[in-house]
Amino acid sequence: MDKKRIIFVGSFVRPGQIDNIGGVMFACQTIVDSNISDHVNWLYIDSTSPTVSNNHFVIRLFRAFKR
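A.B. asks: I'd love a proper account of the nonpolar core, names of residues and values included.
C.D. replies: Judged by nonpolar contacts, Phe-8, Phe-12, Cys-28, Val-32, Val-40 and Trp-42 together constitute the single largest core of 6 residues. For this core, the secondary-structure elements that each account for two or more residues are helix H1 (23-32) and strand E2 (40-46). Every residue in contact with Phe-12, bar those within four places of it in the chain, is listed here: Cys-28, Val-32, Tyr-44, Ile-45, Asp-46 and Thr-48.

Given below as structure tokens:
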């Protein structure tokens, strides 16, 4: 049986690449490491923000689109 291709938008930065690990990053990694991966091929789209800031909404939106 062919594996399904799934687009997975989430946080995929590995520990050590950034200073802290958030809940979304942990959840995404848990799904990728689960048995689901035996049945699907993941296409990762990393939406991890490099910083937490209080920038204007338009700036945050542009940076999110760029990621």
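Anyway, onward from the coordinates.
A.B. asks: Give a detailed account of the side chain of Ser-11, specifying residues and quantitative values.
C.D. replies: As for its placement among the helices and strands, Ser-11 is situated in the loop between strand E1 (4-10) and H1. The class for Ser-11 is buried, based on a relative accessible area of 9%. Excluding residues within four positions of it along the chain, Ser-11 makes contact with Val-24, Met-25, Cys-28, Asp-46, Ser-47 and Thr-48.

A.B. asks: How would you summarise the packing of aromatic side chains if you had to cite specific residues and measurements?
C.D. replies: In total, this model carries 3 aromatic pairs according to the counting rule given. When the centroid spacing of 5.1 Å and the interplanar angle of 45° are considered together, the rings of Phe-8 and Trp-42 count as tilted. One end of the pair, Phe-8, is in strand E1; the other, Trp-42, is in strand E2, with 34 residues separating them in the sequence. On the basis of an interplanar angle of 55° and a centroid distance of 4.7 Å, the ring pair of Phe-12 and Tyr-44 is categorised as tilted. Within this pair, whereas Phe-12 is found in the loop between E1 and H1, its partner Tyr-44 is found in strand E2, the two being separated by 32 residues in sequence.

Thresholds, definitions, all that
- Residues numbered from 1 in each chain as written.
- Predicted model: local features only at pLDDT ≥ 70, side-chain atom pairs only at ≥ 80, totals over all residues.
- Heavy atoms only, no water.
- Core = buried A, V, L, I, M, F, W, Y, C linked by side-chain atoms within 4.5 Å.
- Buried < 20%, exposed > 50% of the residue type's maximum accessible area, 1.4 Å probe, protein only.
- Helix = DSSP H or I, 4+ residues; strand = E, 2+ residues; numbered from the N terminus.
- Contact = heavy atoms within 4.5 Å.
- Phe/Tyr/Trp six-rings, centres within 6.5 Å; stacked < 30°, edge-to-face > 60°.

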